[in-house]
Amino acid sequence: QVQLVESGGGLVQAGGSLRLSCEASGSIFKLSTMGWYRQAPGKQRELVATITAFGRINYADSVKGRFTISRDNAKNTAYLQMNSLKPEDTAVYYCNADLAAVHRNYWGQGTQVTVSP
């Protein structure tokens, strides 16, 4: 069983920065596509960014140029550096680990990010 633990959320003013971390237990991290998703009140969960095991990165258009996803396989940890935050970035941010080859998909518990005007 894989567990994902997010940290780094909080309250920040518009224009500020936060760095989210997602630490994974288990041995599949290196083989997994890691992703960050977010869900704002009353809205569906949406993709923020993903990074494959080979380092291929994908961003939602709304965060391109402001957010950076990365991973440290030695630490079994994925990161999301969020700069130039906007009030519309306010949401619960979830970490995801996807290992499609064996049909495994895991979610973290979520961390709240609140951006004040």
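Definitions and cut-offs
Sequence order as written defines the numbering, with residues in each chain counted from 1. This being a predicted model, a pLDDT of at least 70 is required before a residue's local features are given, and a value of 80 or more before pairs of side-chain atoms are given or counted; all residues contribute to the totals for chains, interfaces and linings. Side-chain descriptors were evaluated using all non-hydrogen atoms of the structure, hydrogens and water having been removed beforehand. Throughout, disulfides are identified as pairs of cysteine sulfur atoms within 2.5 Å of each other. The numbering of helices and of strands both runs from the N terminus, where a helix is a DSSP run of H or I of at least 4 residues and a strand a run of E of at least 2. Three labels apply to residues, based on accessible area from a 1.4 Å probe with only protein chains included: buried if under 20% of the type maximum, exposed if over 50%, partly exposed otherwise in between. Salt bridge, as used here: a side-chain nitrogen of Lys or Arg that lies within 4 Å of a carboxyl oxygen of Asp or Glu. Think of it this way: DSSP has to see at least two bridges between two strands before they count as a pair. Axis definition: a line fitted to C-alpha atoms, over the contacting stretch in the case of helices. Angles run 0 to 180 degrees between N-to-C directions.

Undergrad: Quick question: what am I supposed to make of the state of the cysteines here?
TA: Covalent bonding between the sulfur atoms of two cysteines is what defines a disulfide. Applying the stated criterion to the full structure yields 1 disulfide. Disulfide pairing is shown between C22 and C95; the S-S distance is 2.0 Å. Across the disulfide from C22 to C95, rotation about the S-S bond amounts to roughly -80°, and the bridge is consequently left-handed. In this pair, C22 sits in strand β3 (residues 18–24) while C95 sits in strand β9 (residues 91–99), placing the two residues 73 residues apart along the sequence. By relative accessible area, which is 0% here, C22 ends up buried.

Undergrad: Whenever I open this one, the pattern of salt bridges confuses me. Can you help?
TA: Where charged atoms from two side chains of opposite charge approach closely, those side chains can pair. On inspection of all chains with the given rule, the structure shows 4 salt bridges. Among the salt bridges present, the one from R38 reaches E46, with a minimum N-O distance of 2.7 Å. Overall, the relative accessible area of 6% leaves R38 in the buried class. In this structure, R38 engages D89 in a salt bridge whose closest nitrogen and oxygen atoms are separated by 2.9 Å. Of the two residues, R38 is situated in strand β4 (residues 33–39) and D89 in the loop between β8 (77–82) and β9; the sequence distance between them amounts to 51 residues. Relative accessible area serves as the criterion here: at 0%, D89 is assigned to the buried category. Look at the salt bridges and you will find they share partners, linking R38, E46, R66 and D89 into a network.

Undergrad: How do you make sense of the sheet that holds β3 when you look at a structure like this?
TA: Think of a sheet as strands paired side by side through backbone hydrogen bonds, with each pair either parallel or antiparallel. One open sheet accounts for 4 strands, arranged β1-β3-β8-β7; its pairing is antiparallel. The sheet is open, and its two edges are formed by β1 (4–7) and β7 (67–72), each paired on a single side. With direction set aside, neighbouring strand axes in the sheet form an average angle of 15°. Alignment of β3 against β8, held across 6 bridges, turns out to be antiparallel. Opposite E23, over in β8, you have T77 as the bridge partner.

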